[in-house]
Amino acid sequence: MRKLWKRIRFIYNFRSFFPFIFEFFLSKEVNRKKKLFSIAFIIGYFLLPFDAIPDFLSLIGIVDDVVIFTFIIQQMIKMAPKELQEKYCLA
């Protein structure tokens, strides 16, 4: 139950991730390999047309997109240096 609550809070704070993402890619502390890995995830997310739940099913179809996007953001947070995580209260 605690993990579910943590994910719901993660999705609720979604808009606060944009400054983090921006700084993640501009930071010299983040390894170039980690940046390329994150870019590959993001591009793959947009280019691969496969959905577990088709988008034409209205709100339910968006759920798998949200799950995948939150997974990508969580991986970026794990790869970010502690200073960047602490700056955005993500640690």
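Scroll up for the structure.
The sections below set out a description of the structure shown in this document. (Residues numbered from 1 in each chain as written. Predicted model: local features only at pLDDT ≥ 70, side-chain atom pairs only at ≥ 80, totals over all residues. Heavy atoms only, no water.)

On a plain count of helices and strands, the chain comes out with five helices and zero strands. Each helix and strand of the chain, ordered N terminal to C terminal, gives the series α-α-α-α-α. A burial count over the chain gives 25% of its 91 residues as buried. Within the chain, contacts between residues separated by at least 24 positions form 59% of all contacts whose residues are at least 6 apart in sequence. Accessible surface, the chain as shown: approximately 7,300 Å² in total, 68% of it carbon and sulfur. (Helix = DSSP H or I, 4+ residues; strand = E, 2+ residues; numbered from the N terminus. Buried < 20%, exposed > 50% of the residue type's maximum accessible area, 1.4 Å probe, protein only. Contact = heavy atoms within 4.5 Å. Areas by Shrake-Rupley, 256 points an atom, 1.4 Å probe, with all protein chains shown as cover.)

Inspection of the entire model under this criterion finds five aromatic pairs. Ring geometry for Phe24 against Phe25: centres 5.3 Å apart, planes inclined by 85°, an arrangement best described as edge-to-face. For Phe24, a relative accessible area of 0% translates into the label buried. Ring pairing ties together the aromatic residues Phe20, Phe24 and Phe25, which thus form one cluster. (Phe/Tyr/Trp six-rings, centres within 6.5 Å; stacked < 30°, edge-to-face > 60°.)

For the α-helix, the turn length of 3.6 residues means that residues three or four positions removed from each other point alike. Relative to the 22 Å expected for 16 residues at 1.5 Å per residue, helix α3 (residues 32-47) spans 22 Å between its end C-alpha atoms, a close match to the ideal helical length. Taking the backbone nitrogen of Lys33 as reference, a side-chain oxygen 3.0 Å away marks Asn31 as the first, capping residue of α3. (Expected span 1.5 Å × (residues − 1). Polar contact = N/O pair within 3.5 Å; in protein donor to acceptor, adjacent residues only side chain to side chain.)

This brings us to the pattern of salt bridges. On inspection of all chains with the given rule, the structure shows one salt bridge. The partner of Glu23 in a salt bridge is Lys87, with the nearest N and O atoms 2.9 Å apart. Separated by 64 residues along the polypeptide, Glu23 in helix α2 (residues 17-26) and Lys87 in helix α5 (residues 82-87) bring together distant segments of the chain. For Glu23, a relative accessible area of 23% puts it in the partly exposed group. (Salt bridge = Lys/Arg side-chain N within 4 Å of Asp/Glu carboxyl O.)

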